[in-house]
Amino acid sequence: MNDCIFCKIISKEIPAHIVYEDDLTIAFLDRNPVQKGHLMVIPKNHTDEFQDMPPQDYEAVWNTVKKISSHLKRVFASPKIGVHVEGFGVAHTHIHLIPIYTGFQDFVPKPESERPTDQELTDILEKVKMN
Ligand SMILES: [Zn+2]
């Protein structure tokens, strides 16, 4: 889709802090993280809602979620990895993966003043980049 911001990240028209990429999926840091290490896994083929992905994309996305979750848990020493899917922000399937420590309150968005700088995101990327 021409006007989709996530499709532009996939085509590298828009820069992102890319943590992982394979033939069918890509994962990148959320610019407005609710926790350090918060990232999104998306299919490379544009599909608005996750339940409408073709089976091959659906399987690839959740395989990437599994792979990255174990990695995130190790890197951030978090007891759990939270998964959040709603899709109101961008109409391209995205699975939020969030290192969480205490429960639902870890999903609450941070005020704008607490958002990381580009350099802070780059520093986090250095810790979590997989390929
Ligand atoms: Zn898209």
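Structure shown above.
Residues numbered from 1 in each chain as written. Predicted model: local features only at pLDDT ≥ 70, side-chain atom pairs only at ≥ 80, totals over all residues. Heavy atoms only, no water.

Visitor: Give me the lowdown on the pairing of strand β1 (residues 18-21), citing residues and values where you can.
Guide: Pairing between β1 and strand β2 (residues 25-29): three bridges, direction antiparallel. Pairing of I18 across the sheet is with F28, part of β2. Counting the residues in the hairpin turn of β1 and β2 gives three residues. (Pairing = 2+ DSSP bridges. Helix = DSSP H or I, 4+ residues; strand = E, 2+ residues; numbered from the N terminus.)

Visitor: Which residues make up the side chain of H71, and what values do they have?
Guide: Along the chain, the position of H71 falls in helix α2 (residues 55-76). Among the polar contacts listed, one links the side chain of H71 to the backbone oxygen of V128, at a separation of 2.9 Å. If sequence neighbours within four positions are ignored, H71 has contacts with K127, V128, K129 and M130. (Polar contact = N/O pair within 3.5 Å; in protein donor to acceptor, adjacent residues only side chain to side chain. Contact = heavy atoms within 4.5 Å.)

Visitor: Outline the sheet that holds strand β3 (residues 39-43), listing residues and values.
Guide: Strand order in the open sheet formed by five strands is β1-β2-β3-β5-β4, and the pairing between neighbours is antiparallel. Edge positions in the sheet fall to β1 and β4 (80-84), since each of these pairs with one other strand and no more. Averaged over neighbouring strand pairs, the angle between their axes works out to 20° when direction is ignored. Of the pairings in the sheet, the one linking β3 to strand β5 (residues 95-100) comprises three bridges and is antiparallel in character. Across the sheet, residue V41 finds its bridge partner in β5, namely I95. (Axes fitted to C-alpha atoms, helices over the stretch in contact; angles between N-to-C directions.)

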